[in-house]
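# Understanding the architecture of this molecule
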Number of protein chains: 2
Amino acid sequence: MPQLLKVQNFFVSADGIAAGEDQSLERPFGNVDPTGLFSWAGATASWPTRTDPGGTRGLDDYMVRDFHHNIGAEIMGRNKFGPLRGPWRDEEWKGWWGEEPPFHTPVFVLTHHERPSFTLSDTTFHFLDADPATALERAKEAADGKDVRLGGGVTTIREFLDADLVDTLHVAVAPVKLGSGLKLWDTPEELTDRYHLDVVPSPSGVTHHLFWRK
Amino acid sequence: MPQLLKVQNFFVSADGIAAGEDQSLERPFGNVDPTGLFSWAGATASWPTRTDPGGTRGLDDYMVRDFHHNIGAEIMGRNKFGPLRGPWRDEEWKGWWGEEPPFHTPVFVLTHHERPSFTLSDTTFHFLDADPATALERAKEAADGKDVRLGGGVTTIREFLDADLVDTLHVAVAPVKLGSGLKLWDTPEELTDRYHLDVVPSPSGVTHHLFWRK
């Protein structure tokens, strides 16, 4: 089985925006309100941080619970890992996710400023100053035969798309417009020269876009 | 987490038929041609018996690859296990699936004629003369905290629905009519008094019906 590089559960607005500018510690998604992008996922039974029992078990739940399916490593950009820019002032910042990060695999953080690896619960974060192809090679080695998730953010996904390294994408398009911010695309059709596309509207209002290589 | 009883990847025609009458060794689906029910699944990358590389990785593939997600045991009716009726003439029949059955968990076969358990690869078949509630209790014990799949056939699913033991169902409705045979329903709306329902048309032509308890 070939090892795939997969984007999964990546959320954008109807106008293709995944995050705002000016990310900060208080606003991981910068100057946009991401609530409308996430609400469909938070309603599902499989959403990892839900606190009440219940939750939907329809189409959206299939999408959410597939997040870990056959995944052996994740690659993420530094802006997904944290709001800090430039050289690390210290090594206190360990990501947004507390003591139990939701990855449960090795995670490779792309950064021009490497620092020592560390482990929280069953997730180990490595820091890598590398081009996309080299980073993917390292992640595949660590994934032990399984697939690799490309976690975002949007700049990182665009870099890997430009390098033609992405095998499948699941992008959930929410029925809200954000106006300005970091864009994945102007329209999903930008990718259909290279990818098959299933457009799957969910009863929740979100539209799942499922791409796989031609 | 509660242990669920789940019907997954159960295939019916547009007129609700899952199999024909007169099942035999040569015709596991009796006197209907099941090709039209299965073709959408066989086109996916995750279909277990596909022999050529490739295959689709859109919506239908999510449905197919979810088959094993958090499943710790299966319950099936005797007619899914084999075409023989009445007392076993001998114990040579070991199912339709050869040396590598696609279950990889304990399987409980409901039958009025018990016989000794046996193991093929990582699947162990047990034979149980029990009502649905008792069978489910046994399967949950064996599932080690995971969910239980209700594998069919159609008569078995109807019995468990009548006993109100099913938590979720994924039924794939193919765009073919079979006319006569063993029916799951006249219409999916028969279940919507007890279940939420997402109706999800796939670009392949099949319509996925996803039910979960109200």
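Residues numbered from 1 in each chain as written. Chains lettered and ligands numbered in written order. Predicted model: local features only at pLDDT ≥ 70, side-chain atom pairs only at ≥ 80, totals over all residues. Heavy atoms only, no water.

Looking at an unreviewed UniProt entry, chain A carries the name Dihydrofolate reductase family protein, with the source organism given as Streptomyces roseolus.

A few words on the pairing of strand 7 (residues 147-150) of chain A. All names here are of chain A. Burial along strand 7 is two-sided: the face carrying D147 and R149 and the face carrying V148 and L150 are both buried. As paired elements, strand 1 (residues 5-12) and strand 7 share 2 bridges and run parallel to each other. Within strand 7, the position partnered with L5 by the bridge is V148. By the bridge criterion, 4 bridges tie strand 3 (residues 71-77) to strand 7 in an arrangement that is parallel. Across the sheet, residue I71 finds its bridge partner in strand 7, namely D147. (Buried < 20%, exposed > 50% of the residue type's maximum accessible area, 1.4 Å probe, protein only. Helix = DSSP H or I, 4+ residues; strand = E, 2+ residues; numbered from the N terminus. Pairing = 2+ DSSP bridges.)

Along helix 5 (residues 154-162) of chain A, the positions that sit buried rather than exposed are V154, T156, I157, F160 and L161 of chain A. Taken down its axis, helix 5 of chain A places every buried residue within 160 degrees of arc, on the same side. (Arc of directions from axis to C-beta.)

The next subject is the relation of the copies chain B and chain A. For the pair chain B and chain A, the superposition axis carries a translation of 0.0 Å, the fit reaches an RMSD of 0.0 Å, and the rotation angle comes to 180 degrees. Accordingly, the operation relating the two chain copies is best matched by a two-fold axis. Take the interface residues of chain B: 100% of them recur as interface residues in chain A, which is what a same-surface contact looks like. (Least-squares fit on C-alpha atoms with pLDDT ≥ 70 in both. Contact = heavy atoms within 4.5 Å.)

So, about the sheet that holds strand 3 of chain A. Sheet strands pair by backbone hydrogen bonding; their relative direction is either parallel or antiparallel. Residue and element names in this part refer to chain A. In space, the 9 strands of this open sheet follow the order 5-6-4-3-7-1-8-11-10, with mixed pairing throughout. In the strand order of this sheet, the two ends are held by strand 5 (118-120) and strand 10 (195-201), each with one partner. Between one strand axis and the next, the sheet turns through 20 degrees on average, direction left out of account. Where strand 5 and strand 6 (residues 123-128) come together, 3 bridges link them in antiparallel fashion. Bridge assignment links T119 to a residue of strand 6, and that residue is T124. (Axes fitted to C-alpha atoms, helices over the stretch in contact; angles between N-to-C directions.)

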